[in-house]
Amino acid sequence: MSTPAQGAALRVAVLISGRGSNLQALIDAIADGQLAADIVAVICNHSDAPGVERAEAAGLATYVAVRRDFASRAAHDEAMLRIAQEHGADLVVLAGFDRILSPAWTQAFPNRMINVHPSLLPAFAGGINPKPQADALAAGVKIAGCTVHIVTDDVDGGPIVAQAAVPVLPDDTVDTLANRILAQEHRLLPLVVQWFAEGCVRLENGRIVVPGVVPARWWSEV
Ligand code: GRF
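Keep in mind that what you see is a predicted model, and the values were worked out from it rather than measured.

(A) Spotlight on the site of the ligand. In the vicinity of the ligand, the contacting residues are R19, G20, S21, N22, G96, V116, H117, P118, N129 and E185. Within the side chain of R19, a nitrogen or oxygen atom sits 2.5 Å from an oxygen atom of the ligand. Between the ligand and N22, the relevant distance is 2.9 Å, taken from an oxygen atom to a main-chain nitrogen or oxygen of the residue. Look at the ligand: alone it shows 370 Å² of surface, and the protein chains cover 92% of it. Among the secondary structure elements, those contributing two or more residues to the shell around the ligand are α1 (21-31) and β5 (113-117). Per-class residue counts for the shell around the ligand are two nonpolar, six polar and two charged. In terms of domain composition, the shell around the ligand takes at least three residues from each of domain 1 (9-110) and domain 2 (116-149 + 156-222).

(B) Inspection of the nonpolar core at higher detail. Of all hydrophobic cores here, the largest spans 45 residues; its most connected members are V93, I114 and V193. If one sorts the elements of this core by residue count, helix α6 (residues 174-198) sits on top with nine residues. Look past the residues within four positions of V193 in its chain and what remains in contact with it is L10, V12, L26, L35, A37, L91, V93 and I114. Ranked by size, the runner-up nonpolar core spans 19 residues in total, among them A13, L15, L81 and L101.

(C) Examining the sheet that holds strand β7 (residues 160-167) more closely. On the basis of which strands lie adjacent, the open sheet formed by seven strands has the order β3-β2-β1-β4-β5-β6-β7 and mixed pairing. The open sheet has two edge strands, β3 (62-64) and β7, and neither has a second partner. Across this sheet, the average inter-strand angle for adjacent strands is 20 degrees, counted without regard to direction. Inspection of the sheet shows strand β6 (residues 143-150) paired to β7 by seven bridges, in the antiparallel sense. Bridge pairing links I143 to P167 in β7. Sitting on the sheet, α6 is in contact with β1 (10-16), β2 (37-44), β4 (91-94), β5, β6 and β7, with an inclination near 155 degrees to β7.

About the thresholds
- Residues numbered from 1 in each chain as written.
- Predicted model: local features only at pLDDT ≥ 70, side-chain atom pairs only at ≥ 80, totals over all residues.
- Heavy atoms only, no water.
- Near = heavy atom within 4 Å.
- Polar contact = N/O pair within 3.5 Å; in protein donor to acceptor, adjacent residues only side chain to side chain.
- Areas by Shrake-Rupley, 256 points an atom, 1.4 Å probe, with all protein chains shown as cover.
- Helix = DSSP H or I, 4+ residues; strand = E, 2+ residues; numbered from the N terminus.
- Nonpolar A, V, L, I, M, F, W, Y, C, P; charged D, E, K, R; others polar.
- Domains from an automatic or database assignment.
- Core = buried A, V, L, I, M, F, W, Y, C linked by side-chain atoms within 4.5 Å.
- Buried < 20%, exposed > 50% of the residue type's maximum accessible area, 1.4 Å probe, protein only.
- Contact = heavy atoms within 4.5 Å.
- Pairing = 2+ DSSP bridges.
- Axes fitted to C-alpha atoms, helices over the stretch in contact; angles between N-to-C directions.

This is the structure in structure tokens:
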């Protein structure tokens, strides 16, 4: 679906809003040689986000675009979209981005935008960290987790690419559960981006198929 030009690394634009630990997982996976991709732009919509420092420390092209500096939501969206396009992104990764993007984005990057969400979708869709984890805990589920999915105009409703499950332990707080899930996000997201780099993510009848992936890899014991 998103194969880079022959021999070229996948060009990835990453959108963040806060901590940026998933961005860091991508940076680290590239540095470790586990992910054959280039992060060509990091776009953040909060000037004080710690993720901005991570991006700059890694020497990445980093842009801060704060909503209040633009006349409208559409203008803000467009400015961010232009950055991703000008950097020739093959894939857009929403890694803790806290706003819903306009359909202009999904039109510009059809099936080439992914999001990481801290629940086993379609359960606990909507809401940003830590609401999905808090809702899972409140619901008393015994298994929680995270999902990487294709971004469509249906918020948190696009085709699921991969999920990782974790147990919910009796003495869990929102924080302990969120941290257990986050560790799996950091494992899952670089892996999924690598699948895109390899060009092996296929959409068939509305579902994602990744040949050769064995489901047994997708849960953690604790
Ligand atoms: C993660 O829990 C992710 O699932 C959600 O927002 C959080 C971002 O964390 N969409 P970080 O900024 O990557 O540390």
